[in-house]
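Structure assessment
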Amino acid sequence: IGFANCRDPDVCIVANISLVGNGGCDDAANKRSCDWDGGDCCAETCVSGSVSCGFNGDGSAVIGFLRCLDPAYEPTPANASCIVEDQSALGNGYCNTRNNTNYNTARCNWDGGDCCASTCVSTDTQECGFSATNVSIGFANCRNPDICPVEGSPRLSDAVCDDDTYNNLLCGWDGGDCCESSCESTDNVTCGYGGVNGTTPIGFSRCRDPDNRPVVIPPGLANCSVDADTFELFANGICDNGLGGTEMFNTAVCAWDGGDCCAQTCVNPPESDPVCGLDTDDGSSIGFFCLDPSVMDPITDRNPSCQVPSHSFIGDGYCDGGRYNVHNCSWDGGDCCDDTCNSTTAYVCGQEGYDCQDPGAFDYGLCPNYDPKYKARTGNGVCDQSGASVAVRLNRAACDWDGGDCCPSTCNSTLCSSTIFWCNDPNASDYGTVGTCSVPFTSYLGDGACDEDGAYNTEACGWDGGDCCASSCVELVESSYTCGNRRFVCLDPNAPENAGVSNTSACQAAPASHVGDGYCDFDEPGFNRHRCGWDGGDCCPETCQDGNQYTCDQLLELLRDSGDPQYADVNNYSFCLDPNFRQTTTTASTTTVATTTTGTGTTTTGTGTTTT
């Protein structure tokens, strides 16, 4: 019958006694009765055998010594994950490098500080910067990224400005040698001079220290009251309008930011991607904030009756349409006709198409050309009413009212909608009628991206033209979004994803397609609860299955990458509420029990005392 009933607490009982003292830390043997796995789990007591010290029991993973439980050798943050042959060699005054590559690493605190001048501490038997045979070797092997790589060099603070190895923040900008206000001349070298004998004037053009670099004020900006260090932002193509904490250069005394704030005067920096009108943070278009009277006055003088929010938009090369594209505003300063538009640095004429309403232009009354980037076409059964581009606004006389697509009485296609239409054709019998789908941009319907906000994802709008369900989303043209790049929010009750889900179902979470899709909806009410199968199993690693759009580990990656401190320590069980799988950790002197439910019953897999 063996000895299965042995309960003597002083006897080491493990499945395989040969693993005790083999070098690898085996959790089952890491207890007092087994002499803490024969010493395998602590750096001070481990001796490599069939498995190298610092590995787990079978040698399959590096774990360091964080599992050291021997109270005589508690691991410390400085060496717990450091795996070296001799822990006592850390911080002994000698930089271990040759054949000992693990010592001079971050996990070993750069050999306990032995390899850098400012962190090394000499001992009775070893002087810092010397070899084991007492030969001076210096600190050439200093690899700590937080320490100057040439620390202690006589070239620091010698009044000669050296290259980038020295002239950086960690090295105190070459000990101050490169800036006039921080450099101190020596008996042999005068600051601002270099060369072999220190007699060649080199000036201070290499000064990079932000606290000591010379301030160069552009001509004419002596009265511009901004921090001198920010003059490099002047005339750089980005409008510094004081928004979002930026400097305010958009004033007369600051020369209207060197033209950056008007499309008509902005100039992109040479050898750079276009930045005029863009946000420097994310590259999105933010337009212009033009206040320069030399630009504004001629526009308002020519268009005294033009009532628009920003007169600088007139004649900037971009067709703004609407109230800009009227006679009183000179047809947006000519921007909306190919015949009259003039490009600026910021905008190229026609980049978003033309909407020519000027009777004097040769292209007046022409239907916008088809743009392959968009799905808008006349006579295809889809009413192309509105959108950011002129090419998607076809419900006009010049386009025969989108080929009849926007009136139920004139639409001839199997795609004609009974809810998405705006009948503007005065000759149609149903002129003036409007469908129940009311959204700002009809071009968003069926573009491959699920638009949750507004009325897009409703029955009247065809559930955003099918964009919100994986089974109905279609990528139609070049500019379509990739289906699934935005999360599907499938509310269509007839979609296959929602098959079997009804209003009488115990799970009332919506959309039902999010249940069991591989993504734990921990922050949405109703999903992660018993009646919804704990979000269809999405929130526990034992029950989660990858879906078509998400993998089970994707949520943790998103949360960790978010930078939100509340998710810094998130793990696979952070949102697991299923009592069959959730991890329970209690306070000191209490017992934790992990259970697993199988097809035949519940099995206790481990008990013990846990301190938190």
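The secondary structure content of the protein amounts to ten helices and four strands. Seen in sequence order, the protein has helices and strands lined up from the N terminus as α-α-α-β-β-α-α-α-α-α-α-α-β-β. Here the protein, with 612 residues, has 39% of them falling under the buried criterion. Expressed as a percentage of contacts within the protein between residues at least 6 apart in sequence, the contacts between residues at least 24 apart total 39%. Summed over its atoms, the accessible surface of the protein is roughly 34,000 Å², and 49% of this surface lies on carbon and sulfur atoms.

The next point concerns helix H5 (residues 293–302). Regarding H5, the residues found buried are Val295, Met296 and Ile299. Projected onto a plane normal to the axis of H5, the buried residues spread over an arc of 85 degrees and lie on a single side. Away from its buried face by more than 90 degrees, H5 exposes Ser294 and Asp301.

This part takes up helix H10 (residues 554–561). For H10, the set of buried residues is Leu555, Leu556 and Leu559. Burial along H10 is one-sided: seen end-on, the buried residues are contained in an arc of 95 degrees.

With that settled, the discussion passes to the state of the cysteines. Overall, the coordinates contain 29 disulfides when judged by the stated rule. Between the sulfur of Cys46 and that of Cys53 lies a disulfide, 2.0 Å long from S to S. Judged by the sign of its S-S torsion, about -95 degrees, the cystine formed by Cys46 and Cys53 is left-handed. Of the two residues examined, Cys46 and Cys53, each falls in the buried class. A disulfide bridge connects Cys239 with Cys261, and the sulfur atoms are separated by 2.0 Å.

Despite not being glycine, Asp111 has its phi angle at roughly 55 degrees, a positive value. As for its placement among the helices and strands, Asp111 is situated in helix H2 (residues 109–112). Residues other than glycine seldom take positive phi values, yet Asp400 does so here, at roughly 50 degrees. Residue placement: Asp400 occurs in helix H7 (residues 400–403).

Before going further, it helps to examine a negative patch on the surface. Where like charges cluster on the molecular surface, the negative patch consists of Glu452, Asp453, Asp523 and Glu524. Within the secondary structure, Glu524 is located in the loop between helix H8 (462–465) and helix H9 (533–536). Look at Glu524 and you get partly exposed, because its relative accessible area is 43%.

With respect to the element layout, Asp578 can be found in the loop between H10 and strand S3 (590–597). One buried charge, Asp578, has no salt-bridge partner; the nearest side chain with opposite charge is Arg582, at 7.4 Å. Excluding anything up to four places from it in sequence, Asp578 contacts Trp534 and Cys540.

So, about the confidence of the model for the protein. In the predicted model, the protein carries a mean pLDDT of 81, and the fraction of residues at 70 or more is 86%. Highest mean pLDDT in the protein belongs to H7 (93); lowest belongs to S3 (38). Contacts from residues 585–612, a stretch scored under 50 in pLDDT, to residues over four places away or in other chains number 42 contacts.

This paragraph deals with the environment of Pro496. Along the polypeptide, Pro496 turns up in the loop between H8 and H9. Linking Pro496 and Ser513, residues 17 residues apart in sequence, is a C-alpha distance of 9.1 Å.

So, on to the environment of Glu151. On the secondary structure map, Glu151 appears in the loop between H2 and helix H3 (172–175). Sequence separation between Glu151 and Ala140 is eleven residues; the distance between their C-alpha atoms is 9.1 Å. Apart from the residues within four sequence positions on either side, Glu151 is in contact with Cys116, Ala117, Ser118 and Leu156.

Turning our attention to the side chain of Ser131. With respect to the element layout, Ser131 can be found in the loop between H2 and H3. Looking at Ser131, the relative accessible area reads 13%, which means it is buried.

Applying the stated criterion to the full structure yields eight aromatic pairs. Relative to Tyr347, the ring of Tyr318 has its centre 5.3 Å away and its plane inclined at 50 degrees; by these criteria the two rings are tilted. One end of the pair, Tyr318, is in the loop between H5 and helix H6 (330–333); the other, Tyr347, is in the loop between H6 and H7, and 29 residues separate them in sequence. Between Phe522 and Phe575, the ring centres sit 4.0 Å apart and the planes meet at 20 degrees, which makes this aromatic pair stacked. Residue Phe522 is found in the loop between H8 and H9, and its partner Phe575 is found in the loop between H10 and S3; the two are separated by 53 residues along the sequence. Among the aromatic side chains, those forming a connected cluster through ring pairs are Phe288, Tyr318 and Tyr347.

Position of Asp26 relative to the elements: it lies in the segment before helix H1 (35–38). For the pair Asp26 and Asp58, spaced 32 residues apart in sequence, the C-alpha separation works out to 7.8 Å. Ignoring any residue separated from it by four or fewer positions in sequence, one finds Asp26 in contact with Leu19, Asp37, Cys41 and Gly57.

Cut-offs used in this document
- Residues numbered from 1 in each chain as written.
- Predicted model: local features only at pLDDT ≥ 70, side-chain atom pairs only at ≥ 80, totals over all residues.
- Heavy atoms only, no water.
- Helix = DSSP H or I, 4+ residues; strand = E, 2+ residues; numbered from the N terminus.
- Buried < 20%, exposed > 50% of the residue type's maximum accessible area, 1.4 Å probe, protein only.
- Contact = heavy atoms within 4.5 Å.
- Areas by Shrake-Rupley, 256 points an atom, 1.4 Å probe, with all protein chains shown as cover.
- Arc of directions from axis to C-beta.
- Disulfide = S-S within 2.5 Å.
- Patch = residues over 30% accessible without salt bridge, like charges linked within 9 Å, V, L, I, M, F, W, Y side chains within 5 Å.
- Salt bridge = Lys/Arg side-chain N within 4 Å of Asp/Glu carboxyl O.
- Lys, Arg positive; Asp, Glu negative; His and termini not counted.
- Charge placed at Lys NZ, Arg CZ, Asp CG, Glu CD.
- pLDDT = per-residue confidence, 0-100.
- Phe/Tyr/Trp six-rings, centres within 6.5 Å; stacked < 30°, edge-to-face > 60°.

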